[in-house]
Amino acid sequence: VTSIIVLYLLHGILCCHPDVYTNKRKLPQRKEPLNFGEYEPKVQEKRKKGSGKSLGAIHRNDPAFWSLLVRNDNPDIEFKDEERTGDDRLMNMRCRNALDILSSLVMDRWPDPVEVRSRRVGPWFSRQQPVRLRVFEAWDEEGNVLDGVHAKKSLHYEGRAVDITTSPPDPSKLGELARLAVNAGFDWVYYESPHHVHVSCKEDSEDELPELLCFPGQETLLSSEGTAIPMRSIKVGDMVQTISDSGITELSPVISFIHRKESGRRQFIGIETSDQSQLCISDNHMVTVCNGGHLSHIPARYITTGSKVISRNIKNNSNIDQQINNETSCYGEVVVTRISRCYGDGVYAPLTASGSLLVNGIATSCYASTSHWLGQIMSWPIKMHYYVFNGNMNDGNDSSNEGIQSYFSILLNVDRLIFGGFFQSI
């Protein structure tokens, strides 16, 4: 009786709670290059209209090292990493978001490869190389002799400053690169040196919380009859094929949409596999991988070429039989052959009773920005509510409703306000 009362009260909350994460920064779109020695905005870096005051250096043994710094693994960005520690990939979320946007702007501005001369193979051996964004300084630990030395209270020590150039290096591009950095959303940009541009950011705010993208509308789920249905056409109550924790294909109902938005074109990560499967997915969504014969889930941004994911598109039955008899393999495992960018319209995150999906035949979790097991626990009230009220939730179930499902919106707000986003980083 108590459970039914709680579910009834939850039903009322779900119908009323507003959507979140709609407040996004508007970025400038000016085109004129910055001049050497020029900075924008026309204030000092640590002024309020710039990147703001220093908040204190972050050391490797500080709790802030784990809670405030994130790793940028964008394959389209070249990281110098001269210390061989991966520290040049560490920065706050605001800088990572701006850096990812800047990387795309750089490739759009200089799409054609350039000729690079090298003496490594014969005298003046030349080759063609695409223009990419290059990072050679990001977070540095203050007092560490292996890291770079910066001014006292430098934002580099807080993961809020990045030094950038292009790859291959071309000083003639730095003025335009600085302007692109302004357009990408960096809070302070300084054409500091003939060899690089210095950019920095304010401390993280709610705007920098990971956007719950998940899948574009063209990605498909398999119906009980094996028919491919685009995400945009999926409705609550549809029976779709999913994968169990033991790797068995099973049918499960779609009980809600964690996130649904029909408009807007966005960038996603493209994953291609050895069986020619293709998946378009957001970088924070969990993908099912094979690890030593066992299934686990990791964010899509950590998938690399050579990773083993689970596919139900395999046509070589003998290969599957061989995998079943191999304790170090998983049923239907395939190798990731390529990681790229892909684009799609809309945002869809269907939630099934099993908590898993087969998207374009590739196994994924239903959850993003948290671990799979925690997502299963936190979605339990939604699943119980679906069965108790026979699917009549009136929030997120109607295909005309958009935004983040209210129950998950509440959880995200509670996590952010009370726990500082801790559970989104598990």
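Residues numbered from 1 in each chain as written. Predicted model: local features only at pLDDT ≥ 70, side-chain atom pairs only at ≥ 80, totals over all residues. Heavy atoms only, no water.

Novice: An account of empty space enclosed by the protein is requested, with residue identities and associated values reported.
Specialist: The tally for this structure, following the rule as stated, stands at one cavity of 30 Å³ or more. Lining the largest cavity, in full, are Ile243, Ser244, Asp245, Thr288, Leu295, His297, Ser354, Ser356, Thr364 and His372. Residue classes in the lining of the largest cavity are distributed as two nonpolar, seven polar and one charged. (1 Å grid on protein atoms, 1.4 Å probe; cavity = no way out; pocket = protein on both sides within 12 Å on 5 of 7 lines; lining within 4 Å. Points joined across faces, edges and corners; volume = space filled by probe spheres on them. Nonpolar A, V, L, I, M, F, W, Y, C, P; charged D, E, K, R; others polar.)

Novice: Run through the pattern of salt bridges, naming residues and quoting values.
Specialist: Considering all chains together, one arrives at 16 salt bridges under this definition. We note a salt bridge from arginine 109 to glutamate 176, for which the minimum N-O separation is 2.7 Å. One end of the pair, arginine 109, is in helix H3 (residues 93–109); the other, glutamate 176, is in helix H4 (residues 174–184), with 67 residues separating them in the sequence. Judged by its relative accessible area of 37%, arginine 109 is partly exposed. Through salt bridges with shared partners, a single ionic network connects Glu32, Glu40 and Arg179. (Salt bridge = Lys/Arg side-chain N within 4 Å of Asp/Glu carboxyl O. Helix = DSSP H or I, 4+ residues; strand = E, 2+ residues; numbered from the N terminus. Buried < 20%, exposed > 50% of the residue type's maximum accessible area, 1.4 Å probe, protein only.)

Novice: Before we move on, could you go through unusual backbone geometry and cite the residues and values that matter?
Specialist: A cis geometry characterises the amide bond from glutamate 40 onward to proline 41, with omega recorded as 0°. Relative to the assigned elements, proline 41 resides in the loop between strand S1 (39–40) and helix H2 (63–67). Of note, the amide linkage connecting serine 167 to proline 168 takes the cis form, showing an omega dihedral of 0°. Relative to the helices and strands, proline 168 is located in the loop between strand S8 (161–167) and H4. Despite not being glycine, lysine 153 has its phi angle at roughly 60°, a positive value. On the basis of relative accessible area, lysine 153 is assigned to the exposed category, the value being 54%.

Novice: Can you lay out the sheet that holds strand S10 (residues 196–200) for me, pointing to particular residues and giving the numbers?
Specialist: Here six strands make up an open sheet; going across it, the order is S1-S9-S10-S8-S7-S3 and the pairing mixed. With one partner strand each, in any of the chains shown, S1 and strand S3 (77–79) form the two edges of the open sheet. Note that S3 and strand S7 (residues 132–137) share three bridges and pair parallel. Across the sheet, residue isoleucine 77 finds its bridge partner in S7, namely leucine 133. Against the sheet, H3 makes contact with S3, S7, S8 and S10, and its axis sits at roughly 140° relative to S7, the strand it touches most. The strands that H4 touches are S1, S7, S8, strand S9 (188–193) and S10; relative to S9, the one it contacts most, it runs at about 165°. (Pairing = 2+ DSSP bridges. Contact = heavy atoms within 4.5 Å. Axes fitted to C-alpha atoms, helices over the stretch in contact; angles between N-to-C directions.)

Novice: Describe the state of the cysteines, naming the residues involved and giving the relevant values.
Specialist: Scanning all chains against the criterion turns up two disulfides. Between the sulfur of cysteine 280 and that of cysteine 342 lies a disulfide, 1.9 Å long from S to S. Between cysteine 280 and cysteine 342, the disulfide has an S-S torsion of 125° and is therefore right-handed. Here cysteine 342 lies in strand S19 (residues 333–352) and cysteine 280 lies in strand S15 (residues 278–281), a separation of 62 residues in the sequence. Cysteine 280 gets classed as buried once you look at its relative accessible area, which sits at 5%. Cysteine 342 gets classed as buried once you look at its relative accessible area, which sits at 13%. The side chain of cysteine 290 participates in a disulfide bridge whose partner is cysteine 330; the two sulfur atoms lie 2.0 Å from each other. Between cysteine 290 and cysteine 330, the S-S torsion sits near 80°, and that sign places the bridge as right-handed. Placement of cysteine 290 in strand S16 (residues 285–291) and of cysteine 330 in the loop between helix H5 (317–324) and S19 is noted, with a sequence separation of 40 residues between them. There is no split in this pair, since cysteine 290 and cysteine 330 are both buried. The disulfide pattern of the protein chain is 1-4, 2-3 when the bonded cysteines are numbered in sequence order. (Disulfide = S-S within 2.5 Å.)

Novice: Give me the environment of aspartate 108: which residues, what numbers.
Specialist: Among the structural elements, aspartate 108 can be located in helix H3. Look at aspartate 108 and you get exposed, because its relative accessible area is 56%. Considering only alpha carbons, one finds aspartate 108 and valine 131, 23 residues apart in sequence, at a separation of 9.7 Å.

Novice: I'd like a description of the nonpolar core, backed by residues and values.
Specialist: Of all hydrophobic cores here, the largest spans 34 residues; its most connected members are Phe215 and Val309. Mapped by element, the contributors of at least two residues to this core are strand S14 (249–273), S15, S16, S19, strand S20 (356–359), strand S21 (362–368) and helix H7 (380–388). Sort the elements by how many residues they give to this core and S14 lands first, with six residues. In contact with phenylalanine 215, not counting residues within four places along its chain, are Met231, Phe268, Leu279, Cys280, Ile281, His285, Gly346, Val347, Tyr348, Leu357, Val359 and Thr364. Within the second largest apolar cluster, 29 residues are counted, among which are Leu174, Ala178, Tyr191 and Val197. (Core = buried A, V, L, I, M, F, W, Y, C linked by side-chain atoms within 4.5 Å.)

Novice: Break down a nonpolar patch on the surface for me, with residues and values.
Specialist: Residues Trp373, Ile377 and Met378 make up a contiguous nonpolar surface patch of roughly 310 Å² in combined accessible area. Checked against the element boundaries, isoleucine 377 lands in helix H6 (residues 372–378). Here isoleucine 377 falls in the partly exposed class, since its relative accessible area comes to 49%. (Patch = residues over 30% accessible without salt bridge, like charges linked within 9 Å, V, L, I, M, F, W, Y side chains within 5 Å. Areas by Shrake-Rupley, 256 points an atom, 1.4 Å probe, with all protein chains shown as cover.)

Novice: Outline the packing of H3 against H4, listing residues and values.
Specialist: Where H3 meets H4, the closest approach of the two axes is 9 Å, and the angle between their N-to-C directions is 135°. Taken together, H3 and H4 sit at an angle that is classed as oblique. Relative to H4, H3 is oriented so that their crossing is right-handed. Facing H3, whose interface residues are Ala98, Ile101, Leu102, Leu105, Val106 and Arg109, H4 presents Glu176, Leu177, Leu180, Ala181, Asn183 and Ala184. Residue composition of the contact of H3 with H4, by class: nine nonpolar, one polar and two charged. (Parallel < 35°, antiparallel > 145°, perpendicular 65-115°, else oblique. Left-handed = near helix turned anticlockwise from the far one by under 90°.)

Novice: Before we move on, can you summarise the environment of glutamate 32 with the specific residues and values?
Specialist: Relative to the assigned elements, glutamate 32 resides in the loop between helix H1 (2–16) and S1. Along the primary structure glutamate 32 and leucine 180 are separated by 148 residues, whereas in three dimensions their C-alpha atoms are 9.4 Å apart.

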